Amino acid sequence: MDTKIGSLDVCKPTSNDVACPDNGTVSTIQSSVSPTIFNSSEATLGRHLARRLVQIGATDVFSVPGDFNLTLLDHLIAEPGLNLIGCCNELNAGYAADGYARSRGVGACVVTFTVGGLSVLNAIAGAYSENLPLICIVGGPNTNDYGTNRILHHTIGLPDFSQELRCFQTVTCYQAVVNHLEDAHELIDTAISTALKESKPVYISISCNLAAIPYPTFSLHPVPLSNKMGLEAAVEATAKFLNKAVKPVLVGGPKLRAAKACEAFVELADACGYAMAVMPSAKGLVPEQHPHFIGTYWGAVSTAFCAEIVESADAYLFAGPIFNDYSSVGELAKRLKHNNTSYENYHRIFVPEGHPLKSEPKEPLRINVLFQHIQKMLSSETAVIAETGDSWFNCQKLKLPRGCGYEFQMQYGSIGWSVGATLGYAQAVPEKRVIACIGDGSFQVTAQDVSTMLRCGQKTIIFLINNGGYTIEVEIHDGPYNVIKNWNYTGLVEAIHNGEGKCWTAKVFCEEELIEAIETATGAAKECLCFIEVIVHKDDTSKELLEWGSRVSAANSRPPNPQ
């Protein structure tokens, strides 16, 4: 359903065809109707912020309470349509807002001043790198404390309150410090509009003594976003270049989501007939059932035969790419000549993939067998969350059915991201069952918020891959620091469960036990949060991780250039 706030179009997913927000135009928040008159209990700064969050689609807000934000939280809770979700720590609250934004198009979190702000900072940086609009709200100091040289608690012991702001300036596209009522409305609306327009996080600090104070209604003028003349020139030049090519290819990148261009990219592929690939961080943004889809382009660890086609092309159109050391549209479709040469070349050289060797009875479970069974679980009613590590590579090989969601954090690659992101994503799309693939090392970073999943009644299936350490780091550079203390992971989750909520756990060592666990998770325990601990050998990895790890190792170990 498309909802509008004046001239602000907020688009929520309506189609299962692509797993990113539908195309839409985001300008700014503007009241184009007669102002609504609120009574004094509703016409407060806190309630205004709450209404704005609901209006843009962030109907769930992830929070950790602290004394500077408690009154603000009261006013957020009071807003009909807004659900406040308490998380175990600020980092996970930020990760949850990240996961939520990937599905809803925008996410929000609320923390307290400095100790909370600096704790959530890593998650905000990740959202910035992934081009996600995220509203980070911080309860700030009392307005009377600014300029007094007082040293406040929750700070580093200096009278300068700007330390937190300075940290956020590098990982947000707009910062608003609200410590005066007179400009509060403008600062809040500008921040939210900027987040939607730039598809980046923003920072809003609200003094703790302002949230409960009434304020007048207001409006803002819309911000124009499109440079039509520049767009026309770019389309003309691109069409001229591509129409001269003999075997051009299309490659989709992660910024398709930020530009709300997923459907436009598919329309372009339909019109031009080029072979179509995606960068690894764009997996799930376009349907893999498209007749010209050839796989994931990821350099040496690309899908079979995909790299050969992309790298032999005489022209490439990378739409919304991010080129880094890990990953080395509507009008245009009308002007391109149909050219399917690159796809015909792919079809000629393609050889179907084989299947994993059949397991012997009670043979220790292998990773490739695990993912063969995960593949069978996927449908339009599921979504996959892949944690940083070997799950990157194993999940990339999954064939996504039409409408199946898929998310991972490639650019920032913060281990532990997936626990919070799974919480947020599942909260945003309760109609989908999330399947999270998480390594043991990553899980140890952020395990606490499994408890929040239970409190929210989520039905996620978590595959905890226990191989005894940081396997991705082992393949880059091994050492004793990559070995971690083994936990009783199922026992931990059962302790967190503590008889409250619906939870089912299993620990599996072989394929027979895995099959039984999956049957239970998708049958008798389908209404439960299901946690399946999978025991695998420490050296059981994908061949892609081995290749990728050696290349990253070589890149990291280059000697300094001569001075």
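Conventions adopted
Residues numbered from 1 in each chain as written. Predicted model: local features only at pLDDT ≥ 70, side-chain atom pairs only at ≥ 80, totals over all residues. Heavy atoms only, no water. Axes fitted to C-alpha atoms, helices over the stretch in contact; angles between N-to-C directions. Helix = DSSP H or I, 4+ residues; strand = E, 2+ residues; numbered from the N terminus. Parallel < 35°, antiparallel > 145°, perpendicular 65-115°, else oblique. Left-handed = near helix turned anticlockwise from the far one by under 90°. Contact = heavy atoms within 4.5 Å. Nonpolar A, V, L, I, M, F, W, Y, C, P; charged D, E, K, R; others polar. Buried < 20%, exposed > 50% of the residue type's maximum accessible area, 1.4 Å probe, protein only. Salt bridge = Lys/Arg side-chain N within 4 Å of Asp/Glu carboxyl O. Core = buried A, V, L, I, M, F, W, Y, C linked by side-chain atoms within 4.5 Å. Expected span 1.5 Å × (residues − 1). Bend = angle between axes of the 7 residues up to and from the residue. Pairing = 2+ DSSP bridges. Right-handed = clockwise from strand over helix to strand, strands pointing away. Phe/Tyr/Trp six-rings, centres within 6.5 Å; stacked < 30°, edge-to-face > 60°. Lys NZ or Arg CZ within 6 Å of the ring centre and 35° of its normal. Polar contact = N/O pair within 3.5 Å; in protein donor to acceptor, adjacent residues only side chain to side chain.

K.L.:
Tell me about the packing of helix α1 (residues 45-56) against helix α2 (residues 70-77), residues and numbers included.
P.N.:
Taken N-terminus to C-terminus, the directions of α1 and α2 make an angle of 55°; their axes are 8 Å apart at the nearest point. Considered as vectors, α1 and α2 are oriented oblique to each other. Between α1 and α2 lies a crossing whose hand is right-handed. When α1 is examined against α2, the residues G46, R47, L49 and A50 are found in contact with a partner set consisting of L72, H75 and L76. A breakdown of the residues in the contact of α1 with α2 according to their chemical character gives 4 nonpolar, 2 polar and 1 charged.

K.L.:
Residue-level account of the environment of E500, with values.
P.N.:
On the secondary structure map, E500 appears in the loop between α19 (489-497) and β17 (503-508). Residue E500 is classed as exposed on the basis of its relative accessible area, which comes to 59%. Sequence separation of E500 and S451 is 49 residues, and the distance between their C-alpha atoms is 9.5 Å.

K.L.:
Just give me the short version of the pattern of salt bridges, but keep the residues and values in it.
P.N.:
Applying the stated criterion across every chain yields a total of 15 salt bridges. Residue E363 is joined to R366 by a salt bridge in which the shortest nitrogen-to-oxygen separation is 2.8 Å. A residue is classified by how much of its surface remains accessible, and R366, at 18% relative accessible area, is buried. Its salt-bridge partner being K397, residue E544 comes within 3.0 Å of it at the nearest N-O pair. Taken together, the positions of E544 in helix α21 (residues 543-556) and K397 in the loop between α14 (390-396) and β14 (405-408) put the pair 147 residues apart, joining distant regions of the chain. K397 gets classed as partly exposed once you look at its relative accessible area, which sits at 36%.

K.L.:
Run through the nonpolar core, naming residues and quoting values.
P.N.:
F62, I124, C136, F168 and F443 are the most contacted members of the largest nonpolar core, which totals 57 residues. Residues contacting F62, with those up to four places away along its chain left out, are I85, C87, A93, A96, A97, Y100, A108, C109, V110, L423, G424 and Q427. Counting residues in hydrophobic clusters, the runner-up holds 43 residues, among them V369, F408, F463 and W548.

K.L.:
Describe helix α4 (residues 115-129), with residues and values.
P.N.:
For α4, which comprises 15 residues, the first-to-last C-alpha distance of 23 Å matches the rise-based estimate of 21 Å (1.5 Å per residue) to within 8%. Along α4, the largest kink reaches about 40° and is centred on L121. Burial in α4 covers these residues: G116, G117, V120, L121, A123, I124, A125, G126, A127 and S129. Taken together, the buried residues of α4 touch α3 (90-104), β5 (107-112), β6 (134-140) and α5 (163-169). Trailing α4 by a residue or two, N131 shows a phi angle of about 60°, which is positive.

K.L.:
Describe the packing of α3 against α4, naming the residues involved and giving the relevant values.
P.N.:
Across the interface, α3 lies against α4 with an axial gap of 7 Å and an inter-helix angle of 30°. With respect to α4, the axis of α3 lies roughly parallel. Here α3 and α4 pass one another in a crossing that is right-handed. Between α3 and α4, the residues in contact are E90, L91, G94, Y95 and D98 and G116, S119, V120, N122, A123, G126 and A127, respectively. Tallied by class, residues from the contact of α3 with α4 come to 5 nonpolar, 5 polar and 2 charged.

K.L.:
Tell me about helix α15 (residues 417-428), and please be specific about residues and values.
P.N.:
With 12 residues, α15 should reach 16 Å at 1.5 Å per residue; the first-to-last C-alpha distance of 17 Å fits that figure. Most of α15 sits inside the fold, with 12 of its 12 residues counted as buried. Among all positions of α15, only W417, S418, V419, G420, A421, T422, L423, G424, Y425, A426, Q427 and A428 are buried.

K.L.:
Can you break down the pairing of strand β3 (residues 60-63) residue by residue, with the values?
P.N.:
The two faces of β3 match: D60 and F62 on one face and V61 and S63 on the other face are all buried. With 4 bridges connecting them, β3 and strand β4 (residues 83-86) associate as parallel partners. Note that in β4 the partner of F62 across the bridge is I85. Handedness of the crossover joining β3 and β4 through α2: right-handed. Direction of pairing for β3 relative to β5: parallel, over a ladder of 2 bridges. Pairing of F62 across the sheet is with C109, part of β5.

K.L.:
Describe the packing of aromatic side chains, and please don't skip the residues or the numbers.
P.N.:
With the rule as written, the count across this model stands at 15 aromatic pairs. When the ring of W392 is compared with that of F393, the centres are 6.3 Å apart and the planes differ by 65°; the resulting orientation is edge-to-face. Taken individually, W392 and F393 each receive the classification buried, so the pair is uniform in this respect. Taken together, a centroid distance of 5.5 Å and an interplanar angle of 45° make the contact between F443 and F531 tilted. In this pair, F443 is assigned in helix α16 (residues 440-446) and F531 in strand β18 (residues 529-535), connecting sequence segments 88 residues apart. An identical accessibility class is assigned to F443 and F531; each is buried. Taken together through their ring pairs, the aromatic side chains of W298, W392, F393, Y406 and F408 make up a single cluster. Taking the ring centre of Y128 as reference, the NZ or CZ of K200 above it sits at 4.0 Å. Lying over the aromatic face of Y406, K283 brings its terminal NZ or CZ to 5.5 Å of the ring centre.

K.L.:
Describe the side chain of T44, with residues and values.
P.N.:
With respect to the element layout, T44 can be found in the loop between β2 (8-11) and α1. Look at T44 and you get buried, because its relative accessible area is 1%. Separated by 3.1 Å, the side chains of T44 and H75 make a polar contact. For T44, the contacting residues outside a window of four places in its chain are H75, A211, A212, I213, P214 and Y215.

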